[in-house]
Amino acid sequence: MAFRSIGVEVRAEEASGHGRADMVVHLGDQVFILEFKMADSADAAEVALDAAFTRMREKGYAEGCRDHDGPVHLIAIACGREARNLLEVRAERAAGS
């Protein structure tokens, strides 16, 4: 809701040919594909982030942006299961963008 309030295009649960990205944000000429994962502890956050990137790559979430002119970023976000807090974030530019 915060993104939409500032005029950013947000798509939740956007379908690709092989799955659904948790969130896709279009900001200017850039696209941000976000995958959220829950982790039981801060120590498990790295494993959750690895799983998020594996899912985004295997499911080809960035493939839907192949014709996009600007950069496409993959962002993995690990949240704490109990405390419901942000544990860790990792980002990388999608291959070929």
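Provided above is the structure to which this section pertains.
Reference entry: report on the structure contained in this document. (Residues numbered from 1 in each chain as written. Predicted model: local features only at pLDDT ≥ 70, side-chain atom pairs only at ≥ 80, totals over all residues. Heavy atoms only, no water.)

**So, the overall build of the protein chain**
Quick note on the threshold: A helix here means a DSSP run of H or I that spans at least four residues, while a strand means a run of E at least two residues long, and both kinds are numbered starting from the N terminus. Relative accessibility decides the category of a residue: with a 1.4 Å probe and only protein chains considered, values under 20% of the type maximum give buried, values over 50% give exposed, and everything between is partly exposed. The contact rule is simple, with two residues in contact once any of their heavy atoms fall within 4.5 Å.
Across its full length, the protein chain carries 2 helices and 5 strands. Each helix and strand of the protein chain, placed in order from N terminus to C terminus, yields the pattern α-β-β-β-α-β-β. Scored against the burial criterion, the 97 residues of the protein chain give a buried share of 37%. Within the protein chain, contacts between residues at least 6 apart in sequence are counted, and of these 44% link residues at least 24 apart.

**Concerning the pairing of strand E2 (residues 20–27)**
Rules: In this analysis, strands are considered paired if DSSP registers two or more bridges between them.
Extensive coverage of E2 is indicated by the burial of 6 of its 8 residues. As defined by bridge partners, E2 adjoins strand E3 (residues 30–39) across 5 bridges and the pair is classed as antiparallel. Each residue of the ladder has a partner; that of Met-23, found in E3, is Leu-34.

**Description of the nonpolar core**
Condition: By nonpolar core is meant a set of buried Ala, Val, Leu, Ile, Met, Phe, Trp, Tyr and Cys residues that side-chain atoms within 4.5 Å join together.
One finds Val-31, Ile-33, Met-56, Val-72, Leu-74 and Ala-76 to be the most contacted residues of the largest nonpolar core, which totals 18 residues. Looking at this core, the elements that each hand over two or more residues are E2, E3, helix H2 (45–58) and strand E4 (72–80). A per-element tally of this core places H2 first, with 6 residues. Of all hydrophobic cores here, the second largest spans 9 residues; its members include Val-25, Phe-32, Leu-34 and Ile-77.

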